[in-house]
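Per-entry structural report
Residue-level listing of the chains:
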Amino acid sequence: MLLSWNTTNQCNLYCDHCYRDAGAKARDELDTAEARNLIDEAVKAGFRIMIFSGGEPLLRPDLLELVAYASRQGLRPVLGSNGTLLTPVLARELKKAGARAIGISLDSCDPTRHDRLRRQEGAWQQAMAGMAACREAGLPFQVHTTVFEWNQDELERITDLAVEIGARGHHFFFLVPTGRAKNIEVESLRAQAYEATLQRILNKQQQVAIELKPTCAPQFMRIARQMGVPVRYSRGCLAGIAYCIISPRGDVQPCAYLNVPVGNVRETPFSRIWQESEVFRTLRTEDYSGGCGHCGYKKVCGGCRARAWYYHGDYMAEEPWCLYRDRKGMPVG
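Presented here is a report on the structure given in the accompanying data block. What you see is a predicted model; the values in this text were computed from it and never measured. (Residues numbered from 1 in each chain as written. Predicted model: local features only at pLDDT ≥ 70, side-chain atom pairs only at ≥ 80, totals over all residues. Heavy atoms only, no water.)

This next bit is on unusual backbone geometry. A cis amide bond links G54 to the next residue, G55, at an omega of 10°. Relative to the helices and strands, G55 resides in the loop between β2 (49–53) and α2 (63–72). Despite not being glycine, D28 shows a phi value in the positive range, around 60°. Mapped onto the secondary structure, D28 falls in the loop between β1 (2–6) and α1 (32–44). (Helix = DSSP H or I, 4+ residues; strand = E, 2+ residues; numbered from the N terminus.)

Scanning the model with the defined rule gives 17 salt bridges in all. R180 is the salt-bridge partner of D21, the closest N and O atoms lying 2.6 Å from each other. Taken together, the residues D21 in the loop between β1 and α1 and R180 in the loop between β6 (169–174) and α7 (191–205) connect sequence positions 159 residues apart. Judged by its relative accessible area of 40%, D21 falls in the partly exposed class. Classification of R180 as buried rests on a relative accessible area of 8%. Between R222 and E195 there is a salt bridge, and its shortest N-O distance comes to 2.6 Å. One end of the pair, R222, is in helix α8 (residues 219–227); the other, E195, is in helix α7, and 27 residues separate them in sequence. By the burial criterion, R222 is buried, and E195 matches it. When salt bridges with common partners are traced through the structure, they connect R235, E286 and K299 into a single cluster. (Salt bridge = Lys/Arg side-chain N within 4 Å of Asp/Glu carboxyl O. Buried < 20%, exposed > 50% of the residue type's maximum accessible area, 1.4 Å probe, protein only.)

What follows is about the side chain of E154. You can see E154 is positioned in the loop between β5 (141–147) and α6 (155–165). A distance of 2.7 Å separates the side chain of E154 from the side chain of R113, its partner in a polar contact. (Polar contact = N/O pair within 3.5 Å; in protein donor to acceptor, adjacent residues only side chain to side chain.)

With that out of the way, let us pick up the sheet that holds strand β8 (residues 243–246). Taken together, ten strands build an open sheet; the order of strands is β7-β6-β5-β4-β3-β2-β1-β8-β9-β10 and the sheet is mixed. In the strand order of this sheet, the two ends are held by β7 (211–215) and β10 (263–264), each with one partner. On the sheet, α7 packs against β6 and β7 and is oriented at approximately 165° with respect to β7. (Pairing = 2+ DSSP bridges. Contact = heavy atoms within 4.5 Å. Axes fitted to C-alpha atoms, helices over the stretch in contact; angles between N-to-C directions.)

Inspection of the secondary structure puts E319 in the segment after α12 (305–312). Within polar-contact distance, the side chain of E319 engages the backbone nitrogen of C304 at 2.9 Å. Reaching out from E319, the side chain makes a polar contact with the backbone nitrogen of W321 at a distance of 3.0 Å.

Next up on the list: the packing of aromatic side chains. Tallied over the entire structure, the rule returns twelve aromatic pairs. Seen from their ring centres, F220 and Y233 are 6.3 Å apart, and the 80° between their planes marks the pair as edge-to-face. Within this pair, whereas F220 is found in helix α8, its partner Y233 is found in the loop between α8 and β8, the two being separated by 13 residues in sequence. A relative accessible area of 2% means that F220 is categorised as buried. When its relative accessible area of 23% is taken as the criterion, Y233 is described as partly exposed. Feature note: the residues F47, F270, W274 and F280 constitute an aromatic cluster, connected by ring pairs. When the ring centre of Y233 is taken as reference, the NZ or CZ atom of K213 above it lies at 4.9 Å. Taking the ring centre of Y288 as reference, the NZ or CZ of R305 above it sits at 4.2 Å. (Phe/Tyr/Trp six-rings, centres within 6.5 Å; stacked < 30°, edge-to-face > 60°. Lys NZ or Arg CZ within 6 Å of the ring centre and 35° of its normal.)

Turning to the pairing of β6, a few remarks are in order. Within β6, five of the six residues are buried, leaving the element largely enclosed by the surrounding structure. One ladder, built from five bridges, connects β5 with β6; its direction is parallel. From the neighbouring strand, V147 faces β6, where its bridge partner is F174. Handedness of the crossover is the feature at issue here: the chain leaves β5, passes through α6, returns alongside β6, and the resulting connection is right-handed. With five bridges connecting them, β6 and β7 associate as parallel partners. (Right-handed = clockwise from strand over helix to strand, strands pointing away.)

Looking at where R232 falls in the secondary structure, it is placed in the loop between α8 and β8. In terms of polar contacts, R232 uses its side chain to reach the side chain of E211, at 2.6 Å. Engagement of the side chain of R232 in a polar contact is seen with the side chain of Y233, the distance being 3.3 Å.

Rendered as structure tokens:
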């Protein structure tokens, strides 16, 4: 199971698509003692991997201490970062503290396009330098790319670049309109492009040794089976089932893009929230409506619950950008 914690709302960039609307540090963010308690509760709840994200987690002063504590408690600490602040010294310190890997954002092979999205000139070059620092320190890293209409044509080239620079994987994050991304909803892929892009990624997977993983695109599980491409995952959407996220101030929600708070760790122990939340219990029923409810692949896909929430106002509704349905919502392939 996978737990993501937005360690801070503070960020040195102001990216157009940020789901957390990060920038300034939030008031009353979890302090070190509260963060340690959260780590203990994550272990108690049965989680195995903890993602330290943000904002920009490298701006949190006690990050190394908390990564080390999570590692000692038996968790696998990993990070999600824009990479611009990652120096050779810090990469070595993270590895020494017990960080197992770091995901670094890279949204284009073209520095200008990447920098425009990130709202900072030089961000592409700094991210590349951060990856080089990881490589030199022996800290495994992977490339994270958010997929838009404007960069869908270069995804394979970004994968080739990831291979060239020594990344262990390339993860593709399909845009979900939440946070600042609501302002650029029109840049999301629609059903035809969505399906075709997933097919391209799975085709590319057969040509490279590193892992390619679509995220917020659970249909990749169905498409992988249809194409006969082996994947090591058992399910697409994990929201509330084997994954959740915690905000800088302790609010728990099913995923980063499904903004439905189900409790706060300052008021209720996280392990209890994970076990007892009605929202989580509902998600675990897999009792979806529309096409998702009748689809023969619902157990391995699950549809994107965050998109269902944004477009239908119901996180159990059908995935709006899936092509795989006939009149009855049954498998057609």
